[in-house]
Amino acid sequence: MTSRQEKAIETKKRILRTALDLFSEKGFDRVSVDEIVRESGTSKGAFYGHFTSKYDIFLEKFKEIDQFYSDFQESLPESLSAEQKIRKLAIAQMEYLRDEMGRDGIRSLYAYALTPSVDNYLSDTERPLYAILEQLISEGQKKGELTSSVSSGRLALLLSRSMRGTLYDWAIFDGDFDLSGEIDGWLELLFRGIRNKLKNRE
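Now for a description of the structure that goes with this document. (Residues numbered from 1 in each chain as written. Predicted model: local features only at pLDDT ≥ 70, side-chain atom pairs only at ≥ 80, totals over all residues. Heavy atoms only, no water.)

Charged atoms that come close allow side chains of opposite charge to pair. One pass over the full model with this rule turns up 14 salt bridges. Across the pair Lys61 and Glu64 runs a salt bridge whose closest N-O atoms are separated by 3.0 Å. Of the two residues, Lys61 and Glu64 both sit in helix α4 (residues 55–75), three residues apart, roughly one turn of that helix. Lys61 gets classed as buried once you look at its relative accessible area, which sits at 5%. On the accessibility criterion, Glu64 (33% relative accessible area) is partly exposed. In this structure, a network of salt bridges that share partners links the residues Lys12, Glu60 and Lys63. (Salt bridge = Lys/Arg side-chain N within 4 Å of Asp/Glu carboxyl O. Helix = DSSP H or I, 4+ residues; strand = E, 2+ residues; numbered from the N terminus. Buried < 20%, exposed > 50% of the residue type's maximum accessible area, 1.4 Å probe, protein only.)

Per the stated rule, a full pass over the model turns up five aromatic pairs. Aromatic ring contacts, followed pair by pair, group Phe68, Tyr69, Phe72 and Tyr96 into a single cluster. (Phe/Tyr/Trp six-rings, centres within 6.5 Å; stacked < 30°, edge-to-face > 60°.)

The next thing to look at is the packing of helix α6 (residues 102–113) against helix α8 (residues 152–172). In contact at an axis separation of 9 Å, α6 and α8 are set at 120° when each is read in the N-to-C sense. Compared by their axis directions, α6 and α8 come out oblique. Of the two possible hands of crossing, α6 and α8 adopt the one that is left-handed. On the side of α6, the interface is formed by Gly102, Arg103, Ile106, Arg107 and Tyr110, while α8 contributes Arg164, Leu167, Tyr168, Trp170, Ala171 and Ile172. Looking at the contact of α6 with α8, its residues break down into seven nonpolar, one polar and three charged. (Axes fitted to C-alpha atoms, helices over the stretch in contact; angles between N-to-C directions. Parallel < 35°, antiparallel > 145°, perpendicular 65-115°, else oblique. Left-handed = near helix turned anticlockwise from the far one by under 90°. Contact = heavy atoms within 4.5 Å. Nonpolar A, V, L, I, M, F, W, Y, C, P; charged D, E, K, R; others polar.)

Running from N to C, helix α5 (residues 82–100) and helix α7 (residues 128–142) point in directions that differ by 160°, and their axes come no closer than 8 Å. Considered as vectors, α5 and α7 are oriented roughly antiparallel to each other. Crossing angle aside, the handedness with which α5 passes α7 is left-handed. Together, Ala82, Lys85, Ile86, Leu89 and Gln93 of α5 and Leu129, Ile132, Leu133, Leu136, Ile137, Glu139 and Gly140 of α7 make up the contact between the two elements. Across the contact of α5 with α7, the residue classes tally to eight nonpolar, two polar and two charged.

It is worth spelling out a negative patch on the surface at this point. Taken together, Glu95, Asp169, Asp178 and Glu182 make up a surface patch of like negative charges. On the secondary structure map, Glu95 appears in helix α5. Since its relative accessible area comes to 33%, Glu95 is described here as partly exposed. (Patch = residues over 30% accessible without salt bridge, like charges linked within 9 Å, V, L, I, M, F, W, Y side chains within 5 Å. Areas by Shrake-Rupley, 256 points an atom, 1.4 Å probe, with all protein chains shown as cover. Lys, Arg positive; Asp, Glu negative; His and termini not counted. Charge placed at Lys NZ, Arg CZ, Asp CG, Glu CD.)

Following the sequence through the fold, Thr147 ends up in the loop between α7 and α8. Here Ser149 takes part through its side chain, which lies 2.7 Å from a polar atom of the side chain of Thr147. (Polar contact = N/O pair within 3.5 Å; in protein donor to acceptor, adjacent residues only side chain to side chain.)

Bringing the environment of Thr11 into the picture now. Structurally, the position occupied by Thr11 is in helix α1 (residues 3–26). Judged by its relative accessible area of 12%, Thr11 falls in the buried class. Between the C-alpha atom of Thr11 and that of Ala111, which follows or precedes it by 100 residues, the distance is 26 Å.

This next bit is on the nonpolar core. Residues Phe23, Ile57, Phe58 and Ile106 are the most contacted members of the largest nonpolar core, which totals 48 residues. Only α1, α2 (33–40), α4, α5, α6, α7, α8 and α9 (179–201) provide two or more residues apiece to this core. Not counting the four nearest positions on each side in its chain, Ile57 is found in contact with Ile15, Leu16, Ala19, Leu20, Phe23, Phe47 and Phe51. (Core = buried A, V, L, I, M, F, W, Y, C linked by side-chain atoms within 4.5 Å.)

Encoded structure:
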């Protein structure tokens, strides 16, 4: 990599970090490209060389988040059950987003997702999170750990909604509960119900 390429990457990262900080502080709609450029010490040419609009900032962050999910899945021991893998993934997601984006960042994320005429990446079922959840559920169904009366795709969708809902509540309730504990407690109840359903069918 040349020094020019390294400088371009660093500039992109600086713009990204600055924009996300501003979104968290002021809200997505209250931040302009001009302010991002000014606060990051870059230029409009540099901004538009890396992003087509401020909406692209979130898309870039989503790529980082999705890479985190993929890397985390690969780190899970094969010996774990499907339930254990899913619960560990959910806890890791909460901790990662809490530390990487914070409450205000999550608020901005949802505000972005609700913006008209914006591609809603959060609901894209082709994202790695959905694929990973569906894969883990499918593995659990094949081993008899999880019910097969509901499709793996449907269960993955319900799980992802639970995860989004937990993050949303954490943001609107001013982060007054433990994210990882909340999602793990909910998933414990959910999987307990699934296990009871399986027992009743035996």
